[in-house]
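Here are the chains, one letter per residue:
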Amino acid sequence: MHLTKIRLFDFRNFREAEVEFSGGLNVLYGDNGQGKTNLLEAIHFLCNLRPVRTTREQDVIAWDKTKAYLKGVFDTSSGPVDRELLLVAGDRKKVRECGVERHRLSELYWQIHAVFFSPDDLSLVKGRPSERRRFLDLIIARLKPQYGRYLSEYNRALFHRNRLLKDLKKNRTLITALDAWDEQLSSLGTVILKTRAAFTEKLFPLVRKYYLYFSREEREIEIKYAGSIVSTGTSPESIHEAFLAALRKSLPQDLASGYTRVGPHRDDLQFLLGGRDLRYFGSQGEQRTLSLSLKFAERRVFFETTGVYPILLLDDAMSELDANRRRWILEGEEPCQVFVTTVDLSAIPEDILKKSRVYRVRAGSVG
Ligand SMILES: Nc1ncnc2c1ncn2[C@@H]1O[C@H](COP(=O)(O)OP(=O)(O)OP(=O)(O)O)[C@@H](O)[C@H]1O
Ligand SMILES: [Mg+2]
């Protein structure tokens, strides 16, 4: 699967543009502030139907306009698929595929997916636990839509339990309602923990593999799922039991803080190199290599599950990496479409540049 052509109208700083791409490596270069990241964002938006740099979809509409439009033509195993996206200020986004308006994600060609890497992804390593949970949850939900539904039900139960904890401060008789929420939370939480465990079992070895490949290190990276529920067994029954026990144990603190302090909404990932936490002790380059490895592992997991490589969007991935790492990242043996942005063409090895298509991005136009 790859993107053969894109059209943009009034998307960020692009007034009107049409570009054809290669199915291999595409290099976008240009000075700061010209639209390189915007172009990657447009590709990501078309593929994943979500913007990357903002949570407000309408931010991508050009400032002085009220509409933005994107169209992509993808080459897929079932032939060309064209997808259009229309954003109108104050309205819901509209998605059309092969000329027909689609209202649900399940109606769309599901193999179209992109993995976006940007320097901000350093926060996957250095940022708060919620960033790492979000990384896991988004990929799992993409591959298993029912996981997303469980997650929102869990969050709803969590919201109610937390509200009850706060109300209990004023009215102790409400305590009888707690059991029902504990039961709901632990049942839904068990499904979430089981699904995350099955997924991380696939993901972690891949992250280790890519880290080793990019760094050519002797030392392997160690990854742990730092869970707040410790179960002796892996069966749903034993996790459920452990969950209920943990809720009971933390009740006094939960009551004091008005917040549920155990459960998958508190869990984290830990990355150790030579036994030390990379979050605190890693160098900038090591942390960046790890965040790249997480994204490459995401791409590979997607391939192993669906049989199709997602499009890889590498924004400014070359900076802070030594020459070897740059080469290994771009050389990748996997046959897939890659977009890479850079302000400096000399950051890309000569022989790799020869095999790629190079585009100059200047003030919202691509040449
Ligand atoms: N909604 C919008 N409408 C119009 N212009 C926008 C909008 N959002 C962002 N821009 C502008 O688009 C320009 C290009 O941004 P972009 O992030 O794509 O640059 P870049 O080429 O990636 O630069 P850098 O090398 O610094 O990362 C910026 O100057 C920004 O102000
Ligand atoms: Mg940029």
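Residues numbered from 1 in each chain as written. Chains lettered and ligands numbered in written order. Predicted model: local features only at pLDDT ≥ 70, side-chain atom pairs only at ≥ 80, totals over all residues. Heavy atoms only, no water.

Where an unreviewed UniProt entry is consulted, the chain appears under the name DNA replication and repair protein RecF, with the organism given as Thermosediminibacter oceani. One UniProt comment on the chain, placed under Sequence similarities (unreviewed entry), says "Belongs to the RecF family." (UniProt positions renumbered as here; feature names shortened; annotations may be inferred.)

**Q** How do you make sense of the overall build of the chain when you look at a structure like this?
**A** For the chain, the count of helices and strands is 11 helices and 15 strands. Relative to the compact-globule value of 21 Å for 367 residues, the chain shows a C-alpha radius of gyration of 23 Å, a close match. Reported as C-alpha extents along the three principal axes, the dimensions of the chain are approximately 70 × 55 × 35 Å. Counting all 367 residues of the chain, 50% fall into the buried class. In the chain, the proportion of contacts linking residues at least 24 apart, taken out of those at least 6 apart, comes to 70%. Accessible area for the chain stands at about 17,700 Å²; split by element, carbon and sulfur atoms hold 50% of it. Averaged over its 59 positive side-chain charges, the chain has a centre that lies 3 Å from the centre of its 49 negative ones. (Helix = DSSP H or I, 4+ residues; strand = E, 2+ residues; numbered from the N terminus. Rg over C-alpha atoms; globule rule 2.2 N^0.38 Å. Buried < 20%, exposed > 50% of the residue type's maximum accessible area, 1.4 Å probe, protein only. Contact = heavy atoms within 4.5 Å. Areas by Shrake-Rupley, 256 points an atom, 1.4 Å probe, with all protein chains shown as cover. Lys, Arg positive; Asp, Glu negative; His and termini not counted. Charge placed at Lys NZ, Arg CZ, Asp CG, Glu CD.)

**Q** How should I be thinking about the sheet that holds strand β9 (residues 221-226) in this particular structure?
**A** Strand pairing within a sheet occurs via backbone hydrogen bonds; the two strands may be parallel or antiparallel. In space, the 3 strands of this open sheet follow the order β9-β10-β11, with antiparallel pairing throughout. Here the strands that pair on one side only, and so sit at the sheet edges, are β9 and β11 (276-277). Here strand β10 (residues 268-273) runs beside β11; their pairing, made up of 2 bridges, is antiparallel. Counted as the bridge partner of Leu273 is Arg276 from β11. (Pairing = 2+ DSSP bridges.)

**Q** Got a minute to help me understand unusual backbone geometry in this structure?
**A** Phi is mostly negative for residues that are not glycine, and the peptide bonds are mostly trans. Despite not being glycine, Asp10 has its phi angle at roughly 50°, a positive value. Mapped onto the elements, Asp10 comes out in strand β1 (residues 2-11). For Asp316, which is not a glycine, the phi torsion comes out positive at approximately 55°. Structurally, Asp316 is set in the loop between β12 (311-314) and α10 (323-331). For Asp316, a relative accessible area of 33% corresponds to the partly exposed category.

**Q** Looking at this model, I keep getting lost on the pairing of β12. Mind explaining?
**A** Residues in a regular strand point their side chains to alternate faces of the sheet. The two faces of β12 match: Ile311 and Leu313 on one face and Leu312 and Leu314 on the other face are all buried. The pairing of β12 with strand β13 (residues 338-342) spans 3 bridges and is parallel. Across the sheet, the residue bridging to Leu313 is Phe339, located in β13. Taken together, β12, α10 and β13 form a β-α-β motif whose crossover is right-handed. (Right-handed = clockwise from strand over helix to strand, strands pointing away.)

**Q** I'm lost on the site of ligand 1 in this one. Help?
**A** Taken together, 16 residues form the shell around ligand 1, and within it Gly33, Gly35, Lys36, Thr37 and Asn38 come nearest. Here an oxygen atom of ligand 1 and a backbone polar atom of Gln34 are 3.1 Å apart. Against a free-state accessible area of 660 Å², the protein chains account for coverage of 76% of ligand 1. The class makeup of the residues in the shell around ligand 1 is 4 nonpolar, 7 polar and 5 charged. (Near = heavy atom within 4 Å. Polar contact = N/O pair within 3.5 Å; in protein donor to acceptor, adjacent residues only side chain to side chain. Nonpolar A, V, L, I, M, F, W, Y, C, P; charged D, E, K, R; others polar.)

**Q** How should the domain arrangement of the chain be read in this particular structure?
**A** Accessible area lost upon the coming together of the parts is a frequently used measure of interface size. Partitioning the chain into structural domains gives domain 1 (2-113 + 309-366) and domain 2 (126-279). If you average the C-alpha positions of domain 1 and of domain 2, the two centres end up 33 Å apart. Residue-level contacts link 10 residues of domain 1 with 8 residues of domain 2. In total, domain 1 and domain 2 occlude about 830 Å² of area from one another, counting both sides; carbon and sulfur atoms represent 45% of this. (Domains from an automatic or database assignment. Buried area = accessible area lost by both parts, 1.4 Å probe.)

**Q** Quick question: what am I supposed to make of helix α1 (residues 36-48) here?
**A** Think of an α-helix as 3.6 residues a turn; residues three or four steps apart then line up on the same face. Relative to the 18 Å expected for 13 residues at 1.5 Å per residue, α1 spans 18 Å between its end C-alpha atoms, a close match to the ideal helical length. Judged by how many residues are buried, α1 sits mostly within the fold: 13 of 13 residues are covered. A positive phi of about 60° marks Leu49, the residue just after α1. (Expected span 1.5 Å × (residues − 1).)

**Q** Would you mind going over α10 with me for this structure?
**A** Regarding α10, the residues found buried are Arg325, Trp328, Ile329 and Leu330. On its buried side, α10 packs onto β3 (25-29), α5 (178-215), α9 (284-306), β12, β13 and α11 (350-354).

**Q** What exactly am I supposed to notice about the packing of aromatic side chains here?
**A** Ring pairs (aromatic) are described by centroid distance and by the angle formed between their planes. For the structure shown, the criterion picks out 8 aromatic pairs. With centroids separated by 4.8 Å and ring planes inclined at 85°, the aromatic side chains of Phe21 and Phe339 adopt a geometry described as edge-to-face. Within this pair, whereas Phe21 is found in the loop between β2 (14-20) and β3, its partner Phe339 is found in strand β13, the two being separated by 318 residues in sequence. Under the relative-accessibility criterion, Phe21 is labelled buried at 6%. Looking at Phe339, the relative accessible area reads 0%, which means it is buried. Within the aromatic cluster, the residues linked to one another by ring pairs are Tyr210, Tyr213, Phe214 and Phe296. In this structure, Lys209 is placed above the aromatic ring of Tyr210, and the distance from its NZ or CZ to the ring centre is 4.9 Å. Looking at Arg216, its charged tip hangs above the ring of Trp328, at a distance of 3.6 Å from the centre. (Phe/Tyr/Trp six-rings, centres within 6.5 Å; stacked < 30°, edge-to-face > 60°. Lys NZ or Arg CZ within 6 Å of the ring centre and 35° of its normal.)

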